[in-house]
Amino acid sequence: MVYEECVTDESSWDADEALTAVYTAHYTSLVRLGSLLLRDTGTAEEIVQDAFVAMHGRWHRLRDPHKALAYLRTAVVNRCRSRQRHLVVVDKHTPRTLPDEPSAEQAVLRTAETDRVIEAMRTLPEKQRTVMVLRYYGDLSEAEIADTMGISRGSVKSHAARATKSLRQVLEQSV
Amino acid sequence: MNDNDDSFDELMRRALRDEAGRVEPSDALPEIRARAHAQRRPASRRPWLLTAGVAALGTAAAIGAFAVFTGGDNTANDGDAVAGPGTTTSAASEVPPSQTPSKATPSPVPSQGPTMAPTVKATQPTDRGAPEQSVPSAVVPVYWLGANVGGAQTKKEVRLYRTWTKVSGKPAVEALRVMTQKRPGDPDYYSAWSGAQVNSVTRADDLVTVDFKQLPQTRLDSDVANVAAQQLVYTIQGAMKDAGGTRVQVTEQGHTGSKLFGQVDTSQPLDRAQAADVQAFIWVTAPDDDAVVSSPLKVTGVASVFEAQLNWRIVSEKTRAVLAKGTANTSEAYKFAPFAFSVTKLPPGTYTLEVFEASAVDGSMTSTDSKLLTVK
């Protein structure tokens, strides 16, 4: 006997099993995604935890880890975006300082470079910044970004193009 | 700064990964778990999801359009629905009804064998009729119990909810296996038959005999027990594509007369109860749960509601604000009939669609079916 639902073990997971599995695989990267969007790890953690709680309650409808991840990503991005819109423009969260890392020259250079990029990202409007984070950190395709943000692929394209243009300008100036 | 596209992409990737790598969240699984369990969804938000949505996850393609829209007003007529496009069911109901118990009966074909030609063997008990034929693939409805939520209810009421499962082998046996051994797709559903062990399902004319190695041990209130018995009848009839034409005799290791759930007499075959007495009142059949839709949103479903009127509303997932609401009518009151409505001007976002009946007593939401939607 072959049940459709048994084709993979994953789809017979109950909500707890799914939660544990998806958490293990994606919790850290989702918090990091949220932190990039918000520049506030504490809030990002909160938002991602909320999203996992919601995913658990919705597992019977998702029933598929890939769907669950897409759901989580959308939930995290949406919540981060609305949080950002509500935050006053003032960025009270200064970049986190590096934890103990090898102080090789390479690492220092890399960090300076990273800081420049992150600083430059802050000059972008929210949508453009979100598109760039999803593209370069999330490695999402245009279509996936469009789905996640609930905008058209055309908008993704134009946000990305505008963001690229202004980032380049800012980065060239700051060299 | 290099103007080259690749090096820009490289720089962005490297910088964002580097920045992200500075974040090392602490373990939050225990907390998430605790919150997930503390927050079983409130009844007003989503009393129970309708089975059609659950089914759509795995089997929408196979089921195609739910045939309930084209076939009659009895939504529980799974015979029609199962025979929708894309199924390859050759159901047991195709066993000639004239086949008498004394004739040679098909032996149980190994359930994975897609063979359509039963081998003949005469060792089957002669008073129970023929087992089903195995089929390579069939989509069968499985019924579950779920609590009915309503403003006017003073006692707990259960109703039947339906999920669809793709099986191969003997449709009724496999449907029962799901019903007795699997978890339903919705945590709000449960099976009163969980833990029971099916021996065989045989059919002679209009009598289906379901023999259990062991009947469920649960004892239930008589109201619940009756619906639970119908859970079996509906599932059997659905798998056999026979809504109401057959009666179901329950036996335990060949013997009749056990009391089901401590209540239901099985010395006589069980008849199918009226859908209105046991079936859930509102089923949204489109859009599917978790669908990505465009505005205007078209919603269709089947409902049996007072004065043919039902209510709907769209709630933002983000803010919990009600963004739109309205009423819709089914084509007929008091019986299961189709409904459809459109929602216009929904901005992109994630919403819960709730379709419900306002209680005639206190206006509270009853019989809610809900779908999670993303509007592009």
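Residue numbers here run from 1 along each chain, matching the order of that chain's written sequence. Ligands are numbered from 1 and chains lettered from A, in the order in which they are written. Per-residue local features of the predicted model are confined to residues with pLDDT of at least 70, and side-chain atom pairs are confined, for both listing and counting, to 80 or more; whole-chain, interface and lining totals are unaffected and use all residues. In computing side-chain properties, one takes all heavy atoms of the structure into account and sets aside hydrogens as well as water.

Undergrad: So what's going on with the side chain of T266(B)? Residues and values would help.
TA: All names here are of chain B. Secondary structure elements follow DSSP: runs of H or I of four or more residues count as helices, runs of E of two or more count as strands, with numbering from the N terminus. Note that T266 resides in the loop between β11 (264–265) and α7 (275–278). Residue classification places T266 among the buried residues on the basis of a relative accessible area of 1%. Polar contacts involving the side chain of T266 include one to the main-chain amide nitrogen of G257, which spans 3.3 Å. The criterion used for residue contact is that any of the two residues' heavy atoms lie within 4.5 Å. Setting aside anything within four residues of it in sequence, one finds T266 in contact with Q249, V250, T256, G257, S258 and L260. When accessible area is computed with a 1.4 Å probe and restricted to protein chains, residues below 20% of their type maximum are described as buried, those above 50% as exposed, and intermediate ones as partly exposed. Whenever two N or O atoms come within 3.5 Å, that pair is a polar contact, provided that in protein one can donate a hydrogen and the other can accept it, and provided that, for residues adjacent in sequence, both atoms are side-chain atoms.

Undergrad: Mind laying out helix α1 (residues 15–38) of chain A, listing which residues take part and the relevant values?
TA: A turn of α-helix holds 3.6 residues, and therefore any two residues three or four places apart point the same way. All names here are of chain A. Between the first and last residue of a helix there are one fewer steps than residues, each counted as 1.5 Å, and that sum is the expected span. Across its 24 residues, α1 extends only 29 Å between first and last C-alpha, which sits more than 12% below the 34 Å expected from 1.5 Å per residue. The N-cap of α1, judged by a side-chain oxygen 3.0 Å from the amide nitrogen of D16 a few residues on, is D14. At the exit of α1 stands R39, carrying a positive phi of roughly 60°.

Undergrad: Quick one: what's the story with the nonpolar core, residue by residue and with numbers?
TA: Take the buried residues of types Ala, Val, Leu, Ile, Met, Phe, Trp, Tyr and Cys, join any two whose side-chain atoms come within 4.5 Å, and each joined set is a nonpolar core. Core analysis: the largest hydrophobic core is formed by 62 residues, its most contacted members being F52(A), M55(A), M121(A), M132(A) and M12(B). Counting residues per element, this core draws most heavily on α1(A), which supplies twelve residues. In this structure, this core is formed jointly by two domains, domain 1 (1–88) and domain 2 (102–175) of chain A, each of which donates at least three residues. Not counting the four nearest positions on each side in its chain, M12(B) is found in contact with V117(A), M121(A), M132(A), Y136(A) and L167(A). Segmentation of the chain into domains, including their bounds, is taken from an automatic or database domain assignment.

Undergrad: Before we move on, could you go through the sheet that holds strand β12 (residues 282–286) of chain B and cite the residues and values that matter?
TA: All names here are of chain B. Taken in spatial order, the three strands make up an open sheet running β12-β14-β17, and their pairing is antiparallel. Both outer strands of the open sheet, β12 and β17 (337–343), are each paired with one neighbouring strand and no more. Neighbour-to-neighbour, the strand axes of this sheet turn through a mean angle of 30°, independent of strand direction. In terms of strand pairing, strand β14 (residues 297–303) meets β17 through seven bridges, oriented antiparallel. In the strand pairing of β17, V299 is matched with F341. Between any two strands, at least two bridges found by DSSP are needed for them to pair. Interaxial angle, 0 to 180 degrees, is taken between N-to-C directions of lines fitted to C-alpha atoms, where a helix line uses only the stretch in contact.

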